[in-house]
Amino acid sequence: MKSPLLALPGAVPAEGTDEGVAAHYGDIFREQRNLAQGTGFVDLSHRGVLTVTGDDRLSWLHLLLTQHVSALPPQQATEALVLSPNGHVEHALYLVDDGTTTWAHVEPGTAPALIGYLESMKFFYRVEVADATADYAVVHLPAGSTASAEGAAAVRELPYGRDLFLPRAELATLTAGYGPAAGVWAYEALRIEAHRPRLGFETDHRTIPHEVDWLSTAVHLQKGCYRGQETVARVHNLGRPPRRLVFLHLDGTEEVLPPHGTEVRLASDPDGRALGVVTSSARHHELGPIALAVVKRNVPVDAVLLAGTVPGTQDVIVPQ
């Protein structure tokens, strides 16, 4: 869906996964600074929205998701994953329950497949799953924002801001008082700085939650009875994940950012075999060029890495 906010002055459309909203509105560093200072908003209306209603919704979701949600209090935000039988990440959900409805937003284009899976697991539970993307749109307000959430159908309160579920037909009207718009490039730069993984960027078909630090936010290690739980427990208790997410401080003299999928090698052995790939990269208003990468677990944590042709030093996110 093409956002009506692309009509705002200076809007430059995003491409790829984030097509449909603005990449930026003319000044990516100013937009980042605004968000970091608690002003403005980000149009995330390209993301999928789904709702689950019915008396059994939380106990039913508890059986399917990696997170403990059977007693999720109203208005408390959480995130959760759907795993394959082998423990690989298939979906990431960003949830809140308002007391009668569980709301979730998901990566663009993933809602139909997720809803298909959920529908197949309904059995005799009193639940109804709906794709609400056509009716509701997600907007992010940064931490410290004083903008009113009036008009939102649901709100996810987070340490780094608020996700609002707004009626799509009122998107332009409701956001008019939120302050200056920031594009997804600014949002992504702050996400990378905060080491938050994103489905389809930090993940591939082999990713398990341990590799990208989702154990700390999206997995409850004391609950069982969900698909893929055996892998989660085994790797957590007996082993270590084969790969690990790292944060890279990239050489600021390079003009081109290494894109998603760029191979990572040791800077001391630039012709050696690839040890991982860049998953996300951005230019940060304070840190300069930064990236997230997934590398083999045994890569030395103090090694200088080469993202394509760009050197970078590591910050450890997932321990060896």
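Anything mentioned here points back to the structure above.
Residues numbered from 1 in each chain as written. Predicted model: local features only at pLDDT ≥ 70, side-chain atom pairs only at ≥ 80, totals over all residues. Heavy atoms only, no water.

### Describing the overall build of the protein
Tallying secondary structure elements over the protein gives six helices and 18 strands in all. Whereas a compact globule of 320 residues would reach a radius of gyration of roughly 20 Å, the protein reaches 20 Å, a difference of no more than 12%. If you line up the protein on its principal axes, its C-alpha atoms span 60 × 50 × 30 Å. In the protein, which comprises 320 residues, the proportion classed as buried is 53%. Long-range pairs, those at least 24 residues apart, make up 65% of the contacts in the protein between residues at least 6 apart in sequence. Where the 25 positive side-chain charges of the protein centre and where its 37 negative ones centre are 5 Å apart. (Helix = DSSP H or I, 4+ residues; strand = E, 2+ residues; numbered from the N terminus. Rg over C-alpha atoms; globule rule 2.2 N^0.38 Å. Buried < 20%, exposed > 50% of the residue type's maximum accessible area, 1.4 Å probe, protein only. Contact = heavy atoms within 4.5 Å. Lys, Arg positive; Asp, Glu negative; His and termini not counted. Charge placed at Lys NZ, Arg CZ, Asp CG, Glu CD.)

### Quick look at helix H3 (residues 111-120)
Listed in full, the buried residues belonging to H3 are Ala111, Leu114, Ile115, Tyr117 and Leu118. One side of H3 carries all its buried residues, which in axial view fall inside an arc of 160°. For H3, the secondary structure elements touched by its buried residues are strand E4 (48-53), helix H2 (57-64), strand E5 (78-83), strand E6 (89-97), strand E7 (101-106) and strand E8 (128-131). (Arc of directions from axis to C-beta.)

### Remarks on the pairing of strand E13 (residues 243-250)
Taking burial as the measure, the eight residues of E13 include seven buried ones, the bulk of the element. Relative to strand E16 (residues 288-296), E13 is paired through seven bridges, and the arrangement is antiparallel. Within the sheet, the bridge partner assigned to Val246 lies in E16 and is Ala293. Of the pairings in the sheet, the one linking E13 to strand E18 (residues 310-316) comprises five bridges and is antiparallel in character. Looking at the pairing, His249 lines up with Thr313 of E18. (Pairing = 2+ DSSP bridges.)

### So, the sheet that holds E5
The sheet built from five strands is open, its strands ordered E5-E6-E7-E4-E8 with antiparallel pairing. Only two strands of the sheet have a single partner each, and these edge strands are E5 and E8. Within the sheet, the average angular offset between the axes of one strand and its neighbour, ignoring direction, is 30°. Inspection of the sheet shows E6 paired to E7 by four bridges, in the antiparallel sense. Bridging across to E7, Leu95 finds its partner in Ala104. (Axes fitted to C-alpha atoms, helices over the stretch in contact; angles between N-to-C directions.)

### Overview of the environment of Pro242
Relative to the helices and strands, Pro242 is located in the loop between helix H6 (229-238) and E13. Pro242 sits 31 residues away from Glu211 along the chain, and the two C-alpha atoms are 7.4 Å apart.

### Considerations on the sheet that holds strand E17 (residues 305-307)
One closed barrel accounts for six strands, arranged E13-E16-E15-E14-E17-E18; its pairing is antiparallel. Across the sheet, the mean angle separating the axes of adjacent strands is 45° when strand polarity is ignored. On top of the sheet, helix H5 (residues 184-193) reaches E13, strand E15 (276-284) and E16; it is set at about 120° to E15, its chief contact.

### Points about the packing of helix H1 (residues 28-36) against H5
Contact geometry for H1 and H5: axes closest at 9 Å, N-to-C directions at 60°. Considering their axes alone, H1 and H5 lie oblique with respect to each other. The two elements H1 and H5 meet at a crossing, and its hand is right-handed. Across from Ile28, Glu31, Gln32, Leu35 and Ala36 in H1, the residues of H5 making contact are Trp185, Ala186, Tyr187, Ala189 and Leu190. (Parallel < 35°, antiparallel > 145°, perpendicular 65-115°, else oblique. Left-handed = near helix turned anticlockwise from the far one by under 90°.)

### Regarding the pattern of salt bridges
This structure, assessed with the given rule, holds 18 salt bridges. Arg191 is the partner of Glu188 in a salt bridge, and the nearest nitrogen-oxygen pair spans 2.9 Å. Here Glu188 and its partner Arg191 are both found in helix H5, three residues apart, which amounts to about one turn of the helix. A single salt-bridge network, built from bridges that share partners, covers Asp18, Arg47, Glu107, Glu188, Arg191, Arg198 and Glu202. (Salt bridge = Lys/Arg side-chain N within 4 Å of Asp/Glu carboxyl O.)

### Let's talk about H6
Among the residues making up H6, those that are buried are Thr231, Val232 and Val235. What you see down the axis of H6 is that its buried residues fit within an arc of 100°, all on one side. Opposite the packed face of H6, turned more than 90 degrees from it, sit the exposed residues Asn237 and Leu238.

### Let's talk about unusual backbone geometry
Residues other than glycine seldom take positive phi values, yet His195 does so here, at roughly 65°. Locating His195 in the fold gives a position in the loop between H5 and H6. The partly exposed category is assigned to His195, whose relative accessible area is 24%. Positive phi is not limited to glycine here, since Cys225 has a value of about 60°. Of note, Cys225 is situated in the loop between H5 and H6.

### Topic: the packing of aromatic side chains
Within this structure, the stated rule accounts for three aromatic pairs. On the numbers, 5.8 Å between centres and 75° between planes, the contact of Phe41 with Tyr178 is edge-to-face. Remark: Tyr178 occurs in the loop between helix H4 (171-175) and strand E12 (181-182) and Phe41 occurs in strand E3 (residues 41-43); sequence separation between them is 137 residues. As far as the burial class goes, Phe41 and Tyr178 line up, both buried. Aromatic ring contacts, followed pair by pair, group Trp103, Tyr136 and Phe165 into a single cluster. (Phe/Tyr/Trp six-rings, centres within 6.5 Å; stacked < 30°, edge-to-face > 60°.)

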